Amino acid sequence: MASSKVTIAFLLILAAVAATVHPSSAARVQLAEEEASPQPPFFWRPRVPLPPLPPLPPLPSFPCIPGLPRPRFLPPCNGSSSPSGGGGGATPAAPAPPQPAECGTSVSPLTACADFLTFNATAGGRHMPAPPAAACCDAVKALVKDAPVCLCHVMNGDLAKLLPAPMLRLRAMALPRVCGAAVPFGTFRQCIRGPVPPMDAAPAPPS
């Protein structure tokens, strides 16, 4: 009985081995088709389409600074594009005003800013200053437009000679900004390097 079981198991093993060694006709056809078809390399992966990139945000607007050259990659200050054909480019900047011989005449209207620039003894100087008067800001804007170099006498304290009380230097330096006057870019450099016209005109030489 035991020998018959061993015989049956041996026959089943032989049948399985024979089926493996000699596949069916359908299996042989499928194997031949797989060998004939081109196979992708082992490192090949299906290409997945990438999502579209979002649009770039627009460039921020850069303000125009008087007296500072405009870089070529920024649009012109007047908002219009320069012509592509021959005949010129962007509108040239306005020429600087001529330098005066003396600054006393140009700086004297700033005495209208005395309430803003001087120390308030009644309040002990601890209160917030009131905004400059309209006449004061008009004088500041006229000074910046006609003789910006004379602002150097406001910054260095020479204006205090025309005021009825001691001048607060920090308020004097903030005066153009408070009045909304755009100071040309090279003005402060000229205050340091010079030349700066004097407050009073030089006396005429004797004849």
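These numbers were taken from a predicted model, which means no experiment stands behind them.

(A) Structural detail: the overall build of the protein. Within the protein, the secondary structure is distributed over 8 helices and 0 strands. The order of α-helices and β-strands along the protein, N terminus first, is α-α-α-α-α-α-α-α. For the protein, buried positions account for 20% of its 207 residues. Sequence-distant contacts, at least 24 apart, represent 74% of the contacts inside the protein between residues at least 6 apart.

(B) Broad picture of the nonpolar core. Residues Leu110, Leu117, Val140, Leu159 and Leu175 are the most contacted members of the largest nonpolar core, which totals 28 residues. Of all the secondary-structure elements, those providing two or more residues to this core are α4 (114-117), α5 (134-146), α6 (151-155) and α7 (169-178). When neighbours within four sequence positions are excluded, Leu159 is seen to be in contact with Val107, Leu110, Leu117, His153, Val154 and Met167.

(C) Highlighting α7. Among all positions of α7, only Arg171, Ala172, Ala174, Leu175 and Pro176 are buried. The inward-facing, buried residues of α7 abut α4, α5 and α6. Downstream of α7 by one or two residues, Gly180 has phi in the positive range, about 75°.

(D) Layout of the state of the cysteines. In this structure the tally under the stated criterion is 4 disulfides. Disulfide partner of Cys137: Cys179, at an S-S distance of 2.3 Å. Taking the torsion about the S-S bond as the criterion, the Cys137 to Cys179 disulfide, at about -75°, is left-handed. With Cys137 in helix α5 and Cys179 in the loop between α7 and α8 (187-193), the pair connects residues that are 42 residues apart, well separated along the chain. Note on accessibility: Cys137 and Cys179 belong to one class, buried.

(E) Focus on the confidence of the model for the protein. This prediction gives the protein a mean pLDDT of 75; 62% of its residues lie at or above 70. Scored below 50 in pLDDT, residues 80-91 shows 8 contacts in the model against residues more than four places distant or in partner chains.

(F) Layout of unusual backbone geometry. A cis geometry characterises the amide bond from Gly194 onward to Pro195, with omega recorded as 0°. Considering the arrangement of structural elements, one finds Pro195 in the segment after α8.

(G) Representation of the side chain of Asp158. Structurally, the position occupied by Asp158 is in the loop between α6 and α7. Despite its burial, Asp158 remains without a salt bridge, the nearest opposite charge being carried by Lys161 at 4.3 Å.

(H) Broad picture of α5. Taking 1.5 Å as the rise per residue, α5 with 13 residues should run 18 Å; its terminal C-alpha atoms sit 18 Å apart, in good agreement. For α5, every residue scored as buried is listed here: Cys136, Cys137, Ala139, Val140, Leu143 and Val144. When α5 is viewed along its axis, its buried side chains cluster within an angular range of 160° and face the same direction. When the buried face of α5 is taken as reference, the exposed residues oriented beyond 90 degrees from it are Ala134, Asp138 and Lys145. At its buried positions, α5 is contacted by α3 (104-107), α6 and α7.

(I) Highlighting the side chain of His153. By the secondary structure assignment, His153 is in helix α6. Dropping the residues within four chain positions of it, His153 is found in contact with Cys103, Asp158, Leu159, Val196, Pro197, Pro198 and Met199.

(J) The environment of Ala135, seen in detail. Structurally, Ala135 can be placed in helix α5. On the accessibility criterion, Ala135 (48% relative accessible area) is partly exposed. Linking Ala135 and Pro109, residues 26 residues apart in sequence, is a C-alpha distance of 8.8 Å.

Here is what the cut-offs are and how they apply
- Residues numbered from 1 in each chain as written.
- Predicted model: local features only at pLDDT ≥ 70, side-chain atom pairs only at ≥ 80, totals over all residues.
- Heavy atoms only, no water.
- Helix = DSSP H or I, 4+ residues; strand = E, 2+ residues; numbered from the N terminus.
- Buried < 20%, exposed > 50% of the residue type's maximum accessible area, 1.4 Å probe, protein only.
- Contact = heavy atoms within 4.5 Å.
- Core = buried A, V, L, I, M, F, W, Y, C linked by side-chain atoms within 4.5 Å.
- Disulfide = S-S within 2.5 Å.
- pLDDT = per-residue confidence, 0-100.
- Lys, Arg positive; Asp, Glu negative; His and termini not counted.
- Salt bridge = Lys/Arg side-chain N within 4 Å of Asp/Glu carboxyl O.
- Expected span 1.5 Å × (residues − 1).
- Arc of directions from axis to C-beta.

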